[in-house]
Amino acid sequence: MPIVTRFAPSPTGDLHLGHALAAYVARTMADNYGGRCYLRMEDIDTTRCRPQYMDAIVEDLAWLGISFEQEIVIQSKRFCKYAEALEKLRQLGVLYPCFCTRKEVAAEIAAMGGAPQGEQIDIYPGTCRKLTHEHRAELLQSGKPYCWRLDCRAAAKLTGPLEWIDLRFGKQLCRPELLGDVILARKDCPTSYHIAVVVDDAAQGVTHVTRGKDLFSVTGVHRTLQALLELPVPLWYHHELVCDEQGKRLAKRDKARSLREMREAGMSPADVLRLLDGFIPRENEADAL
Ligand code: GLU
């Protein structure tokens, strides 16, 4: 069956070597199986994304010689699709409004004695999940800004146990509670990365989600949303991350590693590809499982 992959950068800065790897992995995976690869601009955060970065992304990818399907999906044009998904979740009873400010969440976690050893520091303690019906209605009436959170316990009750498959790391048990009640629509943005990514992967018929290992932990949330929204379930391939000499993951602020800088310094696309040697999936690697 022909496969579909995608490269989904956020246009918040210039692409760097890590993005080049993500783009190569998506393209190679599609090529290895005679499939299609899409470019998708994940620009729902309109405060941080800039149109000039979209143009720069297209230019950098063309320079690298990585081609995509002609249609580029731009998430900021699809807010109504994400609103539909959010409404469906609301009707399922797996969302609740959260009125906490960041400061309040931090104070609550500190009051509980901090995050348990080894657990992510910013797991939301569920304050607004426990509000009484009256108190919640009062807060909604008051006009206090709120976001929508996924009630991961209610969601798990509806979905039952779930699994997902990573083509490098094997079968994974879905444990969305590890990230707690994540935000699915923010106070200042009517959707979130989690909603947009699952809605669009389904809309584009993505069969293989390739992305960096930094997003491994959110896949359980995505798998849960796919079950709740009755969307097809893709396979995942989480590739290694490109790090600097100190072992720190490259970020957009690492100007020296931007593809633009490399190009201006006289490097060729082949030089960039050589730096990524060993990271790109081998042919048939995804067949190993
Ligand atoms: N937009 C995300 C990023 O730039 C990638 C999302 C994904 O591949 O699922 O990190």
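Right above here is the structure, for reference.
Quantities reported herein were computed from a predicted structural model and do not represent experimental measurements.

1. A closer look at the nonpolar core
General note: in soluble globular proteins, nonpolar side chains tend to be found buried as a group.
Stage number 1. Phe7, Leu61, Leu64, Phe68, Leu259, Val272 and Leu276 are the most contacted members of the largest nonpolar core, which totals 30 residues.
Stage number 2. Every element with two or more residues in this core is listed here: helix H1 (17-32), strand S2 (36-41), helix H2 (51-64) and helix H9 (259-264).
Stage number 3. No other element matches H1, which puts 10 residues into this core.
Stage number 4. Not counting residues within four places of it along the chain, the set of residues in contact with Leu64 comprises Ala20, Tyr24, Leu259, Pro269 and Val272.
Stage number 5. If you look at the next biggest cluster of nonpolar residues, it comprises 25 residues, including Tyr82, Leu86, Leu179 and Leu229.

2. Thoughts on the packing of aromatic side chains
Stage number 1. Here the structure, examined in full by the defined rule, presents 7 aromatic pairs.
Stage number 2. Between the aromatic rings of Phe79 and Tyr82, the centroid separation amounts to 6.2 Å while the plane-to-plane angle is 85°, which identifies the pairing as edge-to-face. Remark: Tyr82 and Phe79 occur in helix H3 (residues 79-92); sequence separation between them is 3 residues, near one turn of the helix.
Stage number 3. Look at Phe79 and you get partly exposed, because its relative accessible area is 23%.
Stage number 4. Note on Trp164 and Trp236: the rings are 5.5 Å apart at their centroids and 70° apart in plane angle, and the pair reads as edge-to-face. Taken together, the positions of Trp164 in strand S6 (residues 163-166) and Trp236 in strand S10 (residues 235-239) put the pair 72 residues apart, joining distant regions of the chain. Across the pair, Trp236 and Trp164 agree in class, each one buried.
Stage number 5. Pairwise contacts between aromatic rings join Trp164, Phe169, Phe216 and Trp236 into one cluster.
Stage number 6. Seen from the ring of Tyr124, Arg149 lies directly overhead, with NZ or CZ sitting 3.7 Å from the centre.
Stage number 7. Just above the ring of Trp63 sits the side chain of Arg263; from NZ or CZ to the centre is 5.4 Å.

Rules behind the numbers
- Residues numbered from 1 in each chain as written.
- Predicted model: local features only at pLDDT ≥ 70, side-chain atom pairs only at ≥ 80, totals over all residues.
- Heavy atoms only, no water.
- Core = buried A, V, L, I, M, F, W, Y, C linked by side-chain atoms within 4.5 Å.
- Buried < 20%, exposed > 50% of the residue type's maximum accessible area, 1.4 Å probe, protein only.
- Helix = DSSP H or I, 4+ residues; strand = E, 2+ residues; numbered from the N terminus.
- Contact = heavy atoms within 4.5 Å.
- Phe/Tyr/Trp six-rings, centres within 6.5 Å; stacked < 30°, edge-to-face > 60°.
- Lys NZ or Arg CZ within 6 Å of the ring centre and 35° of its normal.

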